[in-house]
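Coordinate analysis (summary)
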Amino acid sequence: MRKIEHIGIAVKDLDLSCDLYEKLLNTTCYKREEVASEGVRTAFFQTGANKIELLSASHQDSPIAKFLEKKGEGIHHIAFDVADILLEMERLKKEGFVLLNEQPKLGADNKLVCFLHPKGTNGVLVELCQEIKAL
Ligand SMILES: CC[C@H](C(=O)O)C(=O)SCCNC(=O)CCNC(=O)[C@H](O)C(C)(C)COP(=O)(O)OP(=O)(O)OC[C@H]1O[C@@H](n2cnc3c(N)ncnc32)[C@H](O)[C@@H]1OP(=O)(O)O
Ligand SMILES: [Co+2]
């Protein structure tokens, strides 16, 4: 794990929350992206070396919809930047962490991602992110 790649925040209304976070962070959202496979709409903010990812649900079966129903708006996950996601997944599996996807999957913001079950990380949903390098 090289650094925190982003903090994911679950929100009910992405437009409203984008306005709020633009005021809070004094910067505009640099990317909005829907990840249909995850059932999420995302909005990214760069704050110095860090990123905030706002996430809303794009359909009712989205993990974000379930999270909002159960816990309401708030921090949803912490994403870490990794150099080699396959190596890291292998290492974490050997360490006994529960991977929520056996293979890396396409995430937002040009990343390959994998999630670890929060039950094995003291209640924090952890996401691994590897930048997809242009060939
Ligand atoms: C990939 C695009 C983008 C990116 O950055 O590139 C994203 O970040 S997309 C983010 C949305 N996608 C995901 O979250 C995928 C991984 N998540 C899952 O597979 C599920 O949400 C899972 C397994 C974490 C929970 O799903 P489940 O159906 O089991 O929901 P439950 O409500 O029954 O939860 C079981 C248990 O886990 C606790 N929980 C759920 N979500 C979280 C969370 N975000 N942080 C911490 N804990 C969480 C929940 O409270 C339940 O615990 P319990 O003690 O039983 O109440
Ligand atoms: Co994320």
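Residues numbered from 1 in each chain as written. Chains lettered and ligands numbered in written order. Predicted model: local features only at pLDDT ≥ 70, side-chain atom pairs only at ≥ 80, totals over all residues. Heavy atoms only, no water.

A few words now on the sheet that holds strand β1 (residues 3-10). Judged by pairing direction, the sheet is mixed, and its eight strands sit side by side in the order β2-β3-β4-β1-β5-β8-β7-β6 without closing on themselves. Both outer strands of the open sheet, β2 (31-35) and β6 (105-106), are each paired with one neighbouring strand and no more. Bridge count for β2 against strand β3 (residues 40-47) is five bridges, and the pairing is antiparallel. Bridge assignment links K31 to a residue of β3, and that residue is F44. Packed on one face of the sheet, helix α1 (residues 14-25) meets β1, β2, β3 and β4 (50-57) and runs near 5° to β3. (Pairing = 2+ DSSP bridges. Helix = DSSP H or I, 4+ residues; strand = E, 2+ residues; numbered from the N terminus. Contact = heavy atoms within 4.5 Å. Axes fitted to C-alpha atoms, helices over the stretch in contact; angles between N-to-C directions.)

We now examine unusual backbone geometry. Phi is positive for N26, close to 55°, though the residue is something other than glycine. As for its placement among the helices and strands, N26 is situated in the loop between α1 and β2. For N26, a relative accessible area of 73% puts it in the exposed group. Even without being glycine, N122 reaches a positive phi, approximately 55°. As for its placement among the helices and strands, N122 is situated in the loop between β7 (111-116) and β8 (126-131). (Buried < 20%, exposed > 50% of the residue type's maximum accessible area, 1.4 Å probe, protein only.)

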